[in-house]
Amino acid sequence: MAPANDETETTESVVRRLRHGMAGGVLSFPLTSFHDDGSLDPDGFRTHVAERIATAPGAVFPACGTGEFFSLDEDEYRTVVTIAVEEAAGRVPVVAGVGYGWAQAARFARIAEEAGADALLVLPHYLVAAPQDGLVAQLEQLAARTRLPLIAYQRGQVAYTAASLRRIAKIPGVIGLKDGHSDLDRLQRLTLAAPEGFLFFNGASTAEIQARAYATVGVPAYSSAVHAFAPEIANAFFNALRDGDDKTDFKADDKTIEKLLRDFYVPFVELRDRVPGYAVSLVKSAARLRGCPVGPVRAPLTDPTAADLADLTALLATGLDLVGAAL
């Protein structure tokens, strides 16, 4: 097992590494591999995460929403984070997901710390709505119980005001915010309220759809579920966005970003929206179509129907063809 987080690796150096990674590639959220009987498949996960890292993401986020954190027990979580750290081998930051209430999140945080993770993504707490004071206190309680830097994730029942953002940014160890609400008015207020150096990234489902809009309010970095099954597509989109879309391998009258959005990303979102949970199960199915040993999803998620899988197969072939790759 990799050694615990090096005490010389300060919060500031983690921020620098993340900032560098976010400027150079998409943020990768690998899938957790399961056998057909639902048991954890460590070897499959190792293969999958190694293949993701080989395509130069900005950072790797194991055991988060796309990685079915909610379905993992603590032993499985330890295995997943440990493998991600081993495969990253210091080449990219590893940010592990933690969640539920702060007490349970702290248990997962200790495991991630022992496994050698660089930072933690704090997933929305379980079930209940909470006032702003409680949202701040949740992070305060967790930050007091871990040495690892924290990135807050606002989505679902968690949404910070600008005043709360100022408060959480003062908590030692809280280094950034992932946004899944896509409320650009609110997000602009948050970026303006944040201190210099505070990290933000776009965590919307199929984030590429809104990547240009997020960039206009100062949040160009984003997570990519598509990277879990088609890094060729994800990286082509990222490069076009980063380079201002001033070069293209497509027709001269068709920009790279618009072509990928129109012919791949928008149809993918329409397919994703057919069934709750498809944001994960479609991604896993697409990875299996590419030969990745990720296995099925765990309940309460369900794998796609035969008809939806056929549509996914055709769409994936189209997307790969757009970037000169094959299924």
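The coordinates are above.
So, a few notes on the structure that sits alongside this text. Within every chain, residues take consecutive numbers counted from 1 along the sequence as written. Predicted model: local features are reported for residues with pLDDT of at least 70 only, side-chain atom pairs are reported and counted for 80 or more only, and whole-chain, interface and lining totals are derived from all residues. To obtain the side-chain values, all non-hydrogen atoms of the structure were included, while hydrogens and water were left out.

## Some points on the side chain of Arg52
- Secondary structure elements follow DSSP: runs of H or I no shorter than four residues count as helices, runs of E no shorter than two count as strands, and numbering proceeds from the N terminus. For Arg52, the location among the structural elements is in helix α2 (residues 42-53).
- Counting of polar contacts relies on pairs of N or O atoms within 3.5 Å, with two restrictions inside protein: one atom must be capable of donating a hydrogen and the other of accepting it, and residues adjacent in sequence are counted only when both atoms are side-chain atoms. A distance of 3.3 Å separates the side chain of Arg52 from the side chain of Glu51, its partner in a polar contact.
- For this analysis, residues touch if any pair of their heavy atoms sits within 4.5 Å. Sequence-distant contacts of Arg52, defined by excluding residues within four places in its chain, comprise Ser28, Pro30, Pro57, His227, Ala228, Phe229, Pro231 and Cys292.

## Considering the sheet that holds strand β1 (residues 27-28)
- Pairing in this open sheet of three strands is parallel, and the strands run β2-β1-β8 from one edge to the other. With one partner strand each, in any of the chains shown, β2 (59-60) and β8 (223-224) form the two edges of the open sheet.
- Strands pair, by our definition, only if DSSP identifies at least two bridges between them. Note: β1 against β2, two bridges, orientation parallel. Residue pairing for β2: Leu27 is matched across the bridge by Ala59.

## Description of the pattern of salt bridges
- In what follows, salt bridge is the name for a side-chain nitrogen of Lys or Arg lying within 4 Å of a carboxyl oxygen of Asp or Glu. Taken as a whole and judged by the stated rule, the model has 18 salt bridges.
- With a shortest N-O distance of 2.7 Å, Arg189 and Asp185 are connected by a salt bridge. With Arg189 and Asp185 both in helix α7 (residues 184-193) and four residues apart, the pair spans about one turn of that helix.
- Only protein chains enter the accessibility calculation, which uses a 1.4 Å probe; a residue whose area is less than 20% of its type maximum is buried, one above 50% is exposed, and one in between is partly exposed. We classify Arg189 as exposed; its relative accessible area is 53%.

## Structural notes on helix α1 (residues 11-24)
- If you check α1, its first and last C-alpha atoms are 20 Å apart, about what 14 residues at 1.5 Å a residue would give, namely 20 Å.
- Residues Ser13, Val14, Val15, Leu18, Gly21 and Met22 constitute the buried set of α1. What a helix should span is 1.5 Å times the count of its residues minus one.

## Brief notes about a nonpolar patch on the surface
- Together, Tyr126, Leu127 and Val128 line one region of the surface with nonpolar side chains, adding up to about 360 Å² of accessible area.
- Relative to the helices and strands, Val128 resides in the loop between β4 (119-122) and α5 (132-143).
- Under the relative-accessibility criterion, Val128 is labelled partly exposed at 47%. The patch calculation keeps residues exceeding 30% relative accessible area without a salt bridge and links them within 9 Å when they carry like charges or within 5 Å when they are nonpolar (Val, Leu, Ile, Met, Phe, Trp, Tyr). Per-residue and other accessible areas follow the Shrake-Rupley method at a 1.4 Å probe size, with only the shown protein chains counted as cover for residues.

## Comments concerning the pairing of strand β3 (residues 95-98)
- By the alternation rule, side chains of β3 split into Val95 and Gly97 and Ala96 and Val98, which are all buried.
- One ladder, built from four bridges, connects β3 with β4; its direction is parallel. If you follow Val95 over to β4, its bridge partner there is Ala119.
- Read from β3 through helix α4 (residues 102-115) to β4, the crossover connection turns out right-handed. Whether a crossover is right-handed depends on one test, that the path from the first strand over the helix to the second runs clockwise when the strands point away from the viewer.

## So, the packing of helix α6 (residues 162-169) against α7
- Axis separation between α6 and α7 bottoms out at 9 Å; the angle between their running directions is 40°. On the basis of their axis angle, the class for α6 and α7 is oblique. Between α6 and α7 lies a crossing of right-handed hand. On α7, the residues that touch Ala162, Leu165 and Arg166 of α6 are Arg189, Leu190 and Ala193.
- In the scheme used here, Gly and all other residues not listed as nonpolar or charged are polar, with Ala, Val, Leu, Ile, Met, Phe, Trp, Tyr, Cys and Pro taken as nonpolar and Asp, Glu, Lys and Arg as charged. Of the residues contributing to the contact of α6 with α7, the split by class is four nonpolar, no polar and two charged. Lines fitted to C-alpha atoms define the axes here, with helix axes fitted over just the stretch in contact, and angles between the N-to-C directions of these axes take values from 0 to 180 degrees. Orientation categories follow fixed angle ranges, with anything under 35 degrees roughly parallel, anything over 145 roughly antiparallel, 65 to 115 roughly perpendicular, and all other angles oblique. Helix crossings are classified by the rotation of the near helix relative to the far one: an anticlockwise turn of less than a right angle makes the crossing left-handed, while a clockwise turn makes it right-handed.

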